[in-house]
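Here is what each chain is made of, one letter per residue.
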Amino acid sequence: MKLLPLYLIESVAFLLIIAETYVFFIFVVPLGSIPHTLTEYTSLALLKVFLILVLGAVWFFVLDELTGLYVRSKVGSSPRPSS
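Keep in mind it's a predicted model, so treat the numbers as computed, not measured. (Residues numbered from 1 in each chain as written. Predicted model: local features only at pLDDT ≥ 70, side-chain atom pairs only at ≥ 80, totals over all residues. Heavy atoms only, no water.)

## A few points about the overall build of the protein chain
On a plain count of helices and strands, the protein chain comes out with 2 helices and 0 strands. Computed over its C-alpha atoms, the radius of gyration of the protein chain comes to 20 Å, more than 25% above the 12 Å expected for a compact globule of 83 residues. For the C-alpha atoms alone, the extent of the protein chain along its principal axes is close to 75 × 25 × 10 Å. A total of 83 residues make up the protein chain; the buried ones form 13% of that total. Excluding contacts between residues fewer than 6 apart, the proportion of contacts in the protein chain whose partners are at least 24 apart in sequence is 66%. Summed over its atoms, the accessible surface of the protein chain is roughly 6900 Å², and 76% of this surface lies on carbon and sulfur atoms. Taking the 5 positively charged and 5 negatively charged side chains of the protein chain as two groups, their mean positions are separated by 17 Å. (Helix = DSSP H or I, 4+ residues; strand = E, 2+ residues; numbered from the N terminus. Rg over C-alpha atoms; globule rule 2.2 N^0.38 Å. Buried < 20%, exposed > 50% of the residue type's maximum accessible area, 1.4 Å probe, protein only. Contact = heavy atoms within 4.5 Å. Areas by Shrake-Rupley, 256 points an atom, 1.4 Å probe, with all protein chains shown as cover. Lys, Arg positive; Asp, Glu negative; His and termini not counted. Charge placed at Lys NZ, Arg CZ, Asp CG, Glu CD.)

Written out as structure tokens, the structure reads:
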């Protein structure tokens, strides 16, 4: 049971990867047709890169918060030396 929180963090990471892959292929990839001007094409490409970076940032933020919560719970429950 001591490893259950770590298993939960890994499970959340896996589920986030699955969910963000779904969002990527359903929403980001088919985002509009391919434009035929350079400025429209560049802006669409930059929008897709930004959305990919946001998905990565969400993944890191959630895992960082879960890891911080786990560490804070373990630090607070550690035994203190009596001397």
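## Thoughts on a nonpolar patch on the surface
Together, Met1, Leu3, Leu4, Leu6, Tyr7 and Leu8 make up an exposed nonpolar region whose accessible area comes to about 660 Å². Following the sequence through the fold, Leu4 ends up in helix H1 (residues 4–28). (Patch = residues over 30% accessible without salt bridge, like charges linked within 9 Å, V, L, I, M, F, W, Y side chains within 5 Å. Salt bridge = Lys/Arg side-chain N within 4 Å of Asp/Glu carboxyl O.)

## Here we look at H1
Along its 25 residues, H1 runs 34 Å from first to last C-alpha, staying within 8% of the 36 Å computed at 1.5 Å per residue. Every buried residue belonging to H1 is among Ile9, Ala13, Leu16, Glu20 and Val28, and all of these are buried. The inward-facing, buried residues of H1 abut helix H2 (38–76). (Expected span 1.5 Å × (residues − 1).)

## Focus: H2
Note: α-helices contain 3.6 residues per turn, so residues at a spacing of three or four share the same orientation. For H2, built from 39 residues, the straight-helix expectation of 57 Å at 1.5 Å per residue is met to within 8% by its first-to-last C-alpha distance of 56 Å. The set of residues buried in H2 consists of Leu44, Leu55, Leu63, Gly68 and Tyr70. Close packing links the buried residues of H2 with H1.

## Describing the packing of aromatic side chains
Considering all chains together, one arrives at 2 aromatic pairs under this definition. Ring plane angle 75 degrees and centroid distance 4.9 Å describe the contact between Phe24 and Phe25, whose orientation is recorded as edge-to-face. With 5.0 Å between their ring centres and 85 degrees between their planes, Trp59 and Phe60 make a pair best called edge-to-face. Take Phe60: its relative accessible area is 57%, and that puts it in the exposed class. (Phe/Tyr/Trp six-rings, centres within 6.5 Å; stacked < 30°, edge-to-face > 60°.)

On their own, these measurements won't tell you what the molecule is for.
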